[in-house]
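Listed below, chain by chain, are the residues.
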Amino acid sequence: MSTIAFFGHNSNEPAIRRRARAFQSAGHDVVGFMPHRGVKQATDWPLIDLGETRDNAYGQRVMSIFRGADIAARERDILANCDAIYARNLDMLAVAVRARRKLGLERPLIYECLDVHHRLTGPSLVARLLRRFERRLLHHCALVVISSPRFESEHFAVHYPGAYRAFLLENLMIEGDDFPDRPDPEPVERPSGAPLRIGWFGNLRCRRSLDLLLGLARQFPDDVTITLRGYPAPGVFDNFEGEIAPYKNVSFGGRYSAPGDLSAMYGAVDLVWAGDWYEEGANSLWLLPNRIYEGGYFATPSLAPDGTETARWLRDHGSGILLAAPVDRALEAEIASLLKDRAPLQQLRGQLLSLPRSVFVETAETTTTLLQAAGIGPE
């Protein structure tokens, strides 16, 4: 099997660890070349530490490209013995390209794009310069991995036609991770009059989403509960816990461990909030969040604003409730309707459980196909 040099933006990031586990579950070795944010955590793979970075510290991250490439280039023997270089996010692609060029290596380079950052979108001078930078880096890539088809149709195909080869790899759960079997298909019986439970899990970075959910908490204080778990972005929320403290029907459970905590989290709610306006008009419209796959695996349907790629996915799979504009009114009306009749939730639960496991879980075969698409391993 192959050895992958994985250039990731933060060795502590759960999504980075999930991708490394996917390579390992498929039988490949991983060597990480990664900075860290916060206290550095132990990894399940050898790690070349590229230093510490901070959220939204863009000047520091530009400098870390040069520092990180210099540190990585000192590990000539490790990189020379790798079969492929895998880089997540644009800054880490730049680190990988620079280190690879300094060492004169020809190892296939794969660029994974999980989000199209707002600084890359629009007509501004900064966006145009960053897209020119990304175009130059694409010339070094054997493959571009995207987590949503609209990242290609709205970004790569628009700005770099003919300059890349794309591979769609959605934000699925990873086969081999320690999560239980799917729930029993029997209907879940709740006590008559029990509150409707809504969960918002993951990277909590959207001001409008929190406002909408708190609006529901005010409107239905005895009939709706809101459960929040994950990482509230400090650049968005100055006092996250203080904002929710006045609401007795809103709780924040802090960070969680994936996949170990997922079954209990999704099993404790009736609906998953999957809306996002953090980068309204661009990335928020195009992305496919991992919560729709996690929730779907555990038979918990999602709520999402219509017109987004998330809504398209939910509609195609018959697995969620879509909210027309204006979203605040549609959300209130849907919740009021569900409080009168929970049958649609049972129907959505049944539909989710009828979908094959492969809709929600990435297998070793997928990882192998990805590497083969980049020219790594047997055809």
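Source: prediction; values computed, not measured.

Draft legend 1. Looking closely at the side chain of T300. Here T300 lies in the loop between α11 (290-297) and β13 (302-305). Since its relative accessible area comes to 3%, T300 is described here as buried. Looking at T300, its side chain comes within polar contact range of the main-chain oxygen of Y266, at 3.0 Å. Ignoring anything within four residues of it in the chain, the contact list for T300 reads Y266, V269, D270, L271, V272, G295 and L352.

Draft legend 2. Inspection of the nonpolar core at higher detail. Counting 43 residues, the largest nonpolar core has F7, F33, L93, L109, Y111 and F156 as its most contacted members. Residue contributions to this core peak at nine residues, all from helix α4 (residues 90-103). Excluding its chain neighbours within four sequence positions, the residues that come into contact with L109 are I85, A87, L93, A96, V97, R100, H140, C141, A142 and L143. Residues L216, A217, I244 and L338 belong to the second largest nonpolar core, which totals 33 residues.

Draft legend 3. Representation of the pairing of strand β9 (residues 196-204). By the criterion of burial, β9 is predominantly enclosed, with eight of the nine residues buried. Alignment of β9 against strand β10 (residues 224-232), held across nine bridges, turns out to be parallel. Looking at the pairing, N203 lines up with Y231 of β10. Where β9 meets strand β12 (residues 271-273), two bridges bridge the pair, whose relative direction is parallel.

Draft legend 4. Structural context of the sheet that holds strand β7 (residues 166-168). Pairing within the open sheet is parallel, and its seven strands lie in the order β3-β2-β1-β4-β5-β6-β7. Both outer strands of the open sheet, β3 (47-52) and β7, are each paired with one neighbouring strand and no more. Pairwise comparison of adjacent strand axes, ignoring direction, gives a mean angle of 20° for this sheet. Sheet topology places strand β5 (residues 109-113) next to strand β6 (residues 143-146); four bridges connect them, and they run parallel. Looking at the pairing, I110 lines up with L143 of β6. Across the sheet, helix α6 (residues 149-159) is in contact with β5, β6 and β7; its angle to β6 comes to roughly 120°. Packed on one face of the sheet, helix α15 (residues 364-373) meets β1 (3-7), β4 (84-88), β5, β6 and β7 and runs near 175° to β7.

Criteria and cut-off values
Each chain carries its own residue numbering, running from 1 in the written order of its sequence. Totals for whole chains, interfaces and linings use every residue, but because this is a predicted model, local features are given only for residues with pLDDT of at least 70 and side-chain atom pairs only at 80 or more, for both listing and counting. Processing note: side-chain calculations cover all non-hydrogen atoms of the structure and skip hydrogens and water entirely. To qualify as a helix, a DSSP run of H or I must reach at least 4 residues; to qualify as a strand, a run of E must reach at least 2; elements of each kind are numbered from the N terminus. When a residue's accessible area, from a 1.4 Å probe over protein chains only, is under 20% of the maximum for its type it is buried; when over 50% it is exposed; and in between it is partly exposed. Between N or O atoms, a polar contact is any pair within 3.5 Å; within protein, one atom must be a potential hydrogen donor and the other a potential acceptor, and residues adjacent in sequence are included only when both atoms are from side chains. Working rule for contacts: check all heavy atoms of both residues, and any pair within 4.5 Å makes them a contact. Among buried residues, the Ala, Val, Leu, Ile, Met, Phe, Trp, Tyr and Cys ones that are joined through side-chain atoms within 4.5 Å form a nonpolar core. Whether two strands pair comes down to DSSP finding at least two bridges between them. To get an axis, a line is fitted to the C-alpha atoms, and for a helix only the part in contact is used. The angle between two axes follows their N-to-C directions and goes from 0 to 180 degrees.

Nothing here speaks to function; it is geometry throughout.
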